[in-house]
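Observations on the model geometry
Below, each chain spelled out in residue letters.
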Amino acid sequence: MHHIILGTAGHIDHGKSALVKALTGIDPDRLKEEKERGITIDLGFADLRYSDGLTVGIVDVPGHERLIRNMLAGAGGIDIVLFVIAADEGVMPQSREHLNICNLLNIKTGIIAITKADLVDDDWLELVMEDVQSFVRGSFLEDAEIIPVSAKTMTNIDPLKEKIRTVALNVEPKSEKGIFRLPVDRVFTLKGFGTVVTGTAVSGSISTNDEVEILPSNIRSKVRGLHSHGRSIGTAYAGQRVAINLQGVEKDALKRGDAVVAPNRFLPTTTLDVKINLLPNSAELKSREDVHFHIGTSETMARIVLYDKNRIMPGESWYGQLRLNAPVIAAAGDRFIVRSFSPVDTIGGGEVLDPTAHKMSHRKALENLQVLDTGKLDEKIAEKIKRCDIQGISVPFIEGWTDEDASIVNECLETLKEEGVIIQYEDILLHKSHVYRCEEMARGTLKYYHERNPLKPGMPKEELRSCLNMNAGLFDCICSNMSGIALEKDIVRLPEFRGVLSHEDLNLKDKILEVIERAGCRPPTREEICQSFSMEERRASDILKILTREGRLKRINDSLYLSSTVYEKMVAQLCEFYKTKKEMSVRNYKDYCGVPGKYAIVFLNYLDSAGITRRIGDVRILLAEKRRHEKNMAETVVQ
């Protein structure tokens, strides 16, 4: 089904709204103030229906220079422009600004209506038409048909309707297979229904009961109902004027500039990489200059940072980054308008190349922006994934990043994976260059760690992840696929690394072991060992851990280590004790095993944690004996 939006454009009081009413029978001026003053203040809406089923949605925009912001809010989804010039006044200042805006928004086709034709004679009308032809020369309206009309006498209204139909049938429709996105241009409430938002769907489709996000307000909701051109519908498609009845959302929580989108596909952004085009008659634009930025139905202030240039001149195009004061929703390929800070005039516009950009060097930015500007879709997608560094980007966000059909995007992703350009871990996409760089960074980090900690078996995995600044799931996936590192439980090391003790450390190791073995059940603490051998605490800890890994010491806690020989003797004594006793108190333990009071509780707590004993009140039982007893009972039952 063909869904087409026609938008009016032209100077104030040139009869745009009257022409819309003559064409459709609908007065697009809905506000009381508009009717009282006789001028359009905000966006108005109507529809033109044909007998063959074609419906053309109409957005009527205000023509006053002070209301350009409202005009821009309605111009973003236009397929055809109905450019209006009054016969009694001819081309006026807002005629020029509106034409510039339509050119910058890359509107492809249109029709020119010379209104109020009944107010002038034929000679004057001919002069006006010649002037209009000269005015539109070099623009997208250069070959557009010029039709003199009168909303008062209805002159040529039917031929204009038929011309609109012909042009509409030849317009390439917006993609219904893309990700749904609708920039909101109006928010209101209806009694019995609740909050309703309206706008032009720019891509995809949506149905009743679908889940949606409203961004950048970060609200989740569900579609209660859909209307288009006053009729209830089950599904709305790209290119339609749509009213969405939202479930559980207050009117005051929403505003013009929000976008209703498919969930988990879009990210609010305040940094966009763009290609900007200055109008030939504008002033120069300096880097770091503040501008008014318009995209979709959003408006905010922005600072333009030009890449590798201090300024661009009128009529020039160049790459830059827009840093916004407030977040917007955008996709690669979206068109935008910029207006000077003061006085507020339209100076240019352009195309969004990367809607979720980051700060980077000018040289690097220019290299990949040229790909994003002129490359094929698969090249653009690969470049965007590369721009996301080692954090990667999820498949759904890539689908929303570019204004293309989701099926085509996924075909490109499959091709890029087959060619080895990108690698997918679960739902995250990484560029191959970053996987290699991640491995290089990991090896470099481990090498430095091994040099500083030669006695440790390796680096804790979580510490390496923190150094690389990666999310845990992605890091685990990459770790398991890296050939250049060795992973042993929670320890990571270089495959070629083997902890080697110096001759001095070997001597210290033997002496520390001798001191602990000689101390029996009264071992020195780690701090006391450091004092005895005049060594750093970290060095002592490393040696104690090595002795533990070798099985020659038992780590009781962070500060206390027991000779394995002494520990085994202690466990054997406990077993002897429990042969005649069912339970043991702390005093029993101290007396029977000869353990001093300050060590007794520490050792017993360790035996509890090791699953050898269990504390019940003030006494302990032997778990090993209990398990053996239960096993014997089970065997007896079987026999």
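This one's a predicted model, so the numbers in the text were calculated from it and none came from an experiment.

1. Details of the sheet that holds strand β25 (residues 422–425)
With antiparallel pairing, the 3 strands of this open sheet are ordered in space as β24-β26-β25. Since the sheet does not close on itself, it has two edges, and those belong to β24 (393–394) and β25, each with one partner. Direction of pairing for β25 relative to strand β26 (residues 428–431): antiparallel, over a ladder of 4 bridges. Bridge pairing in β26 links isoleucine 423 to leucine 430. Across the face of the sheet, helix α11 (residues 432–452) comes into contact with β25 and β26 while running at roughly 80 degrees to β26.

2. A word on the environment of methionine 584
With respect to the element layout, methionine 584 can be found in strand β32 (residues 584–585). The buried category is assigned to methionine 584, whose relative accessible area is 2%. Along the backbone, methionine 584 and threonine 613 are 29 residues apart, and their C-alpha atoms lie at a distance of 9.7 Å.

3. Looking at the environment of aspartate 608
Checked against the element boundaries, aspartate 608 lands in helix α19 (residues 597–609). Residues aspartate 608 and proline 396, 212 residues apart in the sequence, show an inter-C-alpha distance of 50 Å. Once residues within four sequence positions are removed from consideration, aspartate 608 is found in contact with Thr613, Arg614, Arg615 and Arg620.

4. Concerning helix α6 (residues 157–169)
Taking 1.5 Å of rise per residue, 13 residues should cover 18 Å, and α6 covers 19 Å from first to last C-alpha, within 8% of that figure. Within α6, burial applies to Ile157, Leu160, Ile164, Val167 and Ala168. All buried residues of α6 lie within an arc of 100 degrees about the axis, which places them on one face of the element.

5. Observations concerning the pattern of salt bridges
In this structure the tally under the stated criterion is 29 salt bridges. With a closest N to O distance of 3.1 Å, aspartate 373 and lysine 275 form a salt bridge. Here aspartate 373, found in helix α7 (residues 362–374), pairs with lysine 275, found in strand β16 (residues 269–278); they are 98 residues apart in sequence, far enough to count as distant. For the salt bridge of arginine 552 with glutamate 550, the shortest nitrogen-to-oxygen distance reads 3.7 Å. Classification of arginine 552 as partly exposed rests on a relative accessible area of 35%. Using a relative accessible area of 41% as the deciding quantity, one classes glutamate 550 as partly exposed. One salt-bridge network, held together by shared partners, links Asp273, Asp354, Lys384 and Arg387.

6. What to know about helix α1 (residues 16–24)
One full turn of an α-helix is made of 3.6 residues, so residues set three or four places apart face in the same direction. Burial in α1 covers these residues: Lys16, Ser17, Leu19, Val20, Ala22 and Leu23. Buried residues belonging to α1 abut β1 (3–9), β2 (44–49), β3 (55–60), β4 (80–86), β5 (109–115) and α6. Glycine 25 lies just past α1 and shows a positive phi near 80 degrees.

7. Examining unusual backbone geometry
Here leucine 215 and proline 216 are connected by a cis peptide whose omega angle stands at 5 degrees. Its place among the elements puts proline 216 in the loop between β10 (211–215) and β11 (219–228). A cis amide bond links serine 342 with the next residue in sequence, proline 343, at an omega value of -10 degrees. For proline 343, the location among the structural elements is in the loop between β22 (335–340) and β23 (346–354). You will see that asparagine 156, though not glycine, has its phi angle at about 60 degrees, which is positive.

8. Describing the pairing of β2
Here β2 lies mainly inside the structure; 5 of its 6 residues are buried. Taken together, β2 and the strand that follows it, β3, pair antiparallel across an intervening segment of 5 residues, in which glycine 53 is found at a positive phi of about 100 degrees.

9. Here we look at the layout of surface pockets
In this approach, a probe sized like a water molecule rolls over the atoms, and the result shows the empty space that is left. Within this model, the largest pocket holds a volume of roughly 1,400 Å³. Considering the residues around the largest pocket, the lining is formed by 50 residues, among which Lys174, Gly333, Asp334, Arg335 and Asp403 are closest to the centre. Within the lining of the largest pocket, the residues separate by chemical class into 19 nonpolar, 16 polar and 15 charged. The space that makes up the second largest pocket amounts to roughly 570 Å³. Lining the second largest pocket are 24 residues, and of these Thr198, His227, His229, Gly230 and Ala243 sit closest to its centre. Those elements that provide at least two residues to the lining of the second largest pocket are β2, β7 (181–190), β8 (194–200), β11 and β14 (241–246). Of the residues assigned to the lining of the second largest pocket, the class counts are 11 nonpolar, 8 polar and 5 charged.

10. Regarding the packing of α11 against helix α12 (residues 461–468)
Axis separation between α11 and α12 bottoms out at 10 Å; the angle between their running directions is 125 degrees. With respect to α12, the element α11 is oriented oblique. The two elements α11 and α12 cross, and the hand of that crossing is right-handed. Of α12, the residues touching α11 (which contributes Cys438, Met441, Ala442, Thr445, Leu446 and Tyr449) are Glu463, Leu464, Cys467 and Leu468.

11. Comments concerning the packing of α1 against α6
Relative orientation of the contacting elements α1 and α6 amounts to 85 degrees, with a least axis distance of 10 Å. Here α1 lies roughly perpendicular to α6, going by the angle between them. Where α1 abuts α6, its residues Leu19, Ala22 and Leu23 lie against Ile157, Leu160, Lys161 and Ile164.

12. So, the sheet that holds β5
Spatial ordering of the open sheet is given by β2-β3-β1-β4-β5-β6, a layout of 6 strands whose pairing is mixed. With partners counted over all chains shown, the strands left at the sheet margins are β2 and β6 (146–148), one partner each. Looking at each pair of strands side by side, their axes are set apart by 25 degrees on average, direction ignored. Direction of pairing for β1 relative to β4: parallel, over a ladder of 4 bridges. If you follow glycine 7 over to β4, its bridge partner there is valine 81.

The rules behind the values
Residues numbered from 1 in each chain as written. Predicted model: local features only at pLDDT ≥ 70, side-chain atom pairs only at ≥ 80, totals over all residues. Heavy atoms only, no water. Pairing = 2+ DSSP bridges. Helix = DSSP H or I, 4+ residues; strand = E, 2+ residues; numbered from the N terminus. Contact = heavy atoms within 4.5 Å. Axes fitted to C-alpha atoms, helices over the stretch in contact; angles between N-to-C directions. Buried < 20%, exposed > 50% of the residue type's maximum accessible area, 1.4 Å probe, protein only. Expected span 1.5 Å × (residues − 1). Arc of directions from axis to C-beta. Salt bridge = Lys/Arg side-chain N within 4 Å of Asp/Glu carboxyl O. 1 Å grid on protein atoms, 1.4 Å probe; cavity = no way out; pocket = protein on both sides within 12 Å on 5 of 7 lines; lining within 4 Å. Points joined across faces, edges and corners; volume = space filled by probe spheres on them. Nonpolar A, V, L, I, M, F, W, Y, C, P; charged D, E, K, R; others polar. Parallel < 35°, antiparallel > 145°, perpendicular 65-115°, else oblique. Left-handed = near helix turned anticlockwise from the far one by under 90°.

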